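# Commentary on secondary and tertiary structure
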Amino acid sequence: MKPVVAIYPGTFDPLTNGHLDLIERGSRIFGELVVAILRNSEKTPLFSVEERLEMLRECTSPWPNVRVESFEGLLVDYARQSKAQVVLRGVRAVSDYEYELQMAWMNRQLDSSLETVFMMPAGAYPYLSSKLVREIASLGGALSSMVPRSVEVRLRERLGVAPLTRK
Ligand code: PNS
């Protein structure tokens, strides 16, 4: 059997330790893991796609079978183009399940040969999300357990907020 190519798609604005945990788990199971950043003109991201590519490439360099790309259009088309057989998605809590199931069903309707595989991140990250990380960063909260150091530095620079010093 040929090694399985999987795509881990997302917005990654920014990358969190939860994403990295899933990437590490995926890299152990799949022959090749393509982390794919959606180029979405509808959302106004905090970081440009190029900045996110740079951050992800920097943080995933320890895993030789992981590569980071960006894509536009339908995920199923990108998967076909990348010769991927699997879409990897993380499910943290029950609240993620409905949305994830809906996407997986839709993708199956569009391409029945593409399988979606759900994985749980480590217990430390059940409620970690990029949205909350952006909010905490903008209010000067502690981020060291939530994002890699290089991402934390960029967040502080982008938002112009120094971390709170606690007494
Ligand atoms: O990190 P996110 O924002 O939850 O990722 C969502 C993503 C990028 C996986 C999803 O929006 C997607 O696959 N978009 C590509 C367009 C597409 O194929 N839409 C139909 C999916 S059912």
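As the structure is a computational prediction, the values presented were derived from the model and not from experiment.

## Some points on the site of the ligand
Within the structure, the ligand sits among 14 residues, and Gly10, Thr11, Gly73, Leu75 and Arg89 are positioned closest to it. The contact in question runs from an oxygen atom of the ligand to an N or O atom on the side chain of Thr11, over 2.5 Å. At 3.0 Å, a side-chain N or O of Arg89 approaches an oxygen atom of the ligand. Contact with the protein chains removes 75% of the 550 Å² of surface that the ligand exposes when unbound. Spatially, the ligand is embedded in the largest pocket.

## What about the environment of Glu152?
As for its placement among the helices and strands, Glu152 is situated in helix α6 (residues 149-159). Taking the C-alpha atoms as reference points, Glu152 and Ala137, 15 residues apart in sequence, are found 8.2 Å from one another. With residues near it in sequence (within four places) discarded, Glu152 still touches Leu143, Ser144 and Val147.

## Describing the packing of helix α5 (residues 130-138) against α6
Closest axis-to-axis distance for the α5/α6 pair is 10 Å, and the angle between their directions is 60°. The angle between the axes of α5 and α6 places the two elements in the oblique class. Considering the relative orientation of α5 and α6, their crossing is right-handed. Facing α5, whose interface residues are Val133, Arg134, Ala137 and Ser138, α6 presents Leu155, Arg156 and Leu159. Partitioned by chemical class, the residues of the contact of α5 with α6 number four nonpolar, one polar and two charged.

About the thresholds
Residues numbered from 1 in each chain as written. Predicted model: local features only at pLDDT ≥ 70, side-chain atom pairs only at ≥ 80, totals over all residues. Heavy atoms only, no water. Near = heavy atom within 4 Å. Polar contact = N/O pair within 3.5 Å; in protein donor to acceptor, adjacent residues only side chain to side chain. Areas by Shrake-Rupley, 256 points an atom, 1.4 Å probe, with all protein chains shown as cover. 1 Å grid on protein atoms, 1.4 Å probe; cavity = no way out; pocket = protein on both sides within 12 Å on 5 of 7 lines; lining within 4 Å. Sits in = over half its atoms within 2 Å of the grid points. Helix = DSSP H or I, 4+ residues; strand = E, 2+ residues; numbered from the N terminus. Contact = heavy atoms within 4.5 Å. Axes fitted to C-alpha atoms, helices over the stretch in contact; angles between N-to-C directions. Parallel < 35°, antiparallel > 145°, perpendicular 65-115°, else oblique. Left-handed = near helix turned anticlockwise from the far one by under 90°. Nonpolar A, V, L, I, M, F, W, Y, C, P; charged D, E, K, R; others polar.

Treat this as a map of the structure, not an account of what it does.
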